[in-house]
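Okay, here's what each chain looks like letter by letter:
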Amino acid sequence: MRLLTATIAAGALLLAGCGQGDDERETTGNATESAEATPSATPSTPVSPAPTPAEPAGPPEVVEEIATGLEAPWGLAFLPNGDALVTERDTRRLLRISGPDHAVTEIATIDSAAPEGEAGLLGVAVSPTFAEDSLVYLYVTTAEDNRVVRAPLSGDRLGDQEPVLTGIPNGFIHDGGRLQFGPDGYLYVSTGEIGEGPLAQERDGLAGKVLRITPDGQPVPGNPFDTPVWSWGHRNVQGLAFDDAGTLWASEFGQDEFDELNRIDAGANYGWPEVEGEGGADQGFTDPQQVWNPDDSSPSGLAYLDGHLWMAALKGERLWRVRVDGRRAVEPEGFFIGEYGRVRTVAAAPDGGLWVMTSNRDGRGSPGEDDDKILLVQP
């Protein structure tokens, strides 16, 4: 645990202003980078804890390369028919991967995206009522803001984009960007504090938060502050996943010492920039479930499958498996260490496997001839 004094926090903000972000830290190993009362925290959804899962039979195994030659892929979501949608951060392309031969088709270029640093075309989510509305949701960094947009998808054609939520602060670093529909049918959105830590402690602001909105972009009735904010005090959340019990989990970049895996509770304050890692409970903050040294993690995407959370690690160049035991996350174990380079995103596929995306062509990795790739992992 490390409590950040005002002096240290100010120093971190100064360094962040120099343009080093989480991704740059992941490559160089440089540890620098680029309140209101908290209501009683409640579970993400009022459900019983998940049963303790059985131990996996063995280590996960890469069984197939789904796609190769991608350019800094970032977001990944599955359509009801099993096809996948993939975003590329810097090219601004939305791709569709179809059929048993995994044909890759470019659907659209999102012209409003303004790639720079860690910003660009980021997360993607498919409407839970896609069969009726055909809607796809995207998290886009524009020249003015970060925003959530949606558009109908018909075959390989994306229709006109409609803004859903605008005005999320944007920056060269720490733009968040993950989208995840919950079992309640609402859209959860992760945002970063764009390298300006105090924004995370502005409870009614949109930076450094997990947001919960309706499919039309409105605050969900019952949100803890009658705003889009679901939880606050985050530095840069790039992974969201729900377990079988409806509990929301999030992976979060730390700064100097501790990356985090958090259980997200409604209204809870996770402490950034006052606290990094554990030790904030006596100040009214919520402690993480697991922490890692950034050299071993720098976490981005997150998925849940068969009783375990699976977390992608960029600088750590591995896939983490963490067992969910009720409302606890325990027994982290890393796999594929250094074998595939930086790992950006992991998603549970409809057939029971995991799709794992590398991020070696984002300007910070060491790409191989076939990078970037999507790997099929048998858990």
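In this section: the overall build of the protein. When its secondary structure is counted, the protein shows three helices and 27 strands. When burial is assessed residue by residue, the protein has 59% of its 379 residues classed as buried. Accessible surface, the protein: about 13800 Å² in total, of which carbon and sulfur atoms supply 48%.

With that settled, consider the sheet that holds strand E25 (residues 343–348). In a beta sheet, neighbouring strands are held together by backbone hydrogen bonds and run either parallel or antiparallel to one another. Strand order in this open sheet of four strands is E2-E27-E26-E25, and the pairing throughout is antiparallel. Both outer strands of the open sheet, strand E2 (61–67) and E25, are each paired with one neighbouring strand and no more. Ignoring strand direction, the axes of neighbouring strands in this sheet form an average angle of 25 degrees. Across four bridges, the pairing between strand E26 (residues 354–358) and strand E27 (residues 374–378) is antiparallel. Opposite Leu-354, over in E27, you have Val-377 as the bridge partner.

Summary statistics for the protein give a mean pLDDT of 89 and a share of 85% for residues scoring 70 or more. Per-residue pLDDT stays below 50 along residues 1–19; that stretch engages in 37 contacts with residues further than four places along the chain or on separate chains.

Next up on the list: unusual backbone geometry. The amide bond that connects Trp-272 to the next residue, Pro-273, takes the cis arrangement and shows omega of 5 degrees. Along the chain, Pro-273 turns up in the loop between strand E18 (259–264) and strand E19 (275–276). Here the residue pair Asp-371 and Asp-372 is connected by a cis peptide bond, since its omega of -5 degrees sits within 30 degrees of zero. Structurally, Asp-372 is set in the loop between E26 and E27. A positive phi angle, near 50 degrees, is found at Ala-72, a position not held by glycine. Within the element layout of this structure, Ala-72 appears in the loop between E2 and strand E3 (73–78).

Okay, the sheet that holds strand E5 (residues 93–98) next. Taken together, four strands build an open sheet; the order of strands is E3-E4-E5-E6 and the sheet is antiparallel. The open sheet has two edge strands with one neighbour each: E3 and strand E6 (103–109). Taken pair by pair, the neighbouring strands of this sheet meet at an average axis angle of 25 degrees, ignoring direction. In this sheet, strand E4 (residues 84–88) lies alongside E3 in antiparallel orientation, the contact comprising four bridges. In the strand pairing of E4, Phe-78 is matched with Ala-84.

Our focus in this paragraph is the pairing of strand E9 (residues 146–154). As defined by bridge partners, strand E8 (residues 135–141) adjoins E9 across seven bridges and the pair is classed as antiparallel. When the bridges of E9 are listed, Tyr-139 appears paired with Val-148. Remark: four residues form the turn of the hairpin made by E8 and E9, two consecutive strands paired antiparallel. By the bridge criterion, four bridges tie E9 to strand E11 (residues 162–168) in an arrangement that is antiparallel. Residue Asn-146 lies in a different strand from E11, and its bridge partner there is Ile-168. Pairing between E9 and strand E10 (residues 157–158): two bridges, direction antiparallel. When the sheet's bridge partners are listed, Leu-153 is paired in E10 with Leu-158. Hairpin connection, E9 to E10: the antiparallel pair is bridged by two residues, and Gly-155 has positive phi, about 65 degrees.

Here is what the cut-offs are and how they apply
Think of each chain on its own: its residues are numbered from 1, step by step along the sequence as written. In view of the model being predicted, local features appear only for residues whose pLDDT reaches at least 70, and side-chain atom pairs are presented and counted only at 80 or more, with totals across whole chains, interfaces and linings using the full set of residues. Hydrogens and waters are ignored; side-chain quantities use all the structure's heavy atoms. Put simply, DSSP H or I for four residues or longer makes a helix, DSSP E for two residues or longer makes a strand, and each gets a number counted from the N terminus. Relative accessibility decides the category of a residue: with a 1.4 Å probe and only protein chains considered, values under 20% of the type maximum give buried, values over 50% give exposed, and everything between is partly exposed. Surface accessibility follows the Shrake-Rupley procedure with a 1.4 Å probe radius. Residue values consider only the protein chains on display as shielding. At least two bridges found by DSSP between two strands is the condition for calling them paired. Only the contacting stretch of a helix is used when fitting its axis, a line to C-alpha atoms as for every element, and angles between N-to-C directions run 0 to 180 degrees. pLDDT is a per-residue confidence score from the predictor, ranging from 0 to 100. It only takes one pair of heavy atoms within 4.5 Å for two residues to be counted as in contact.

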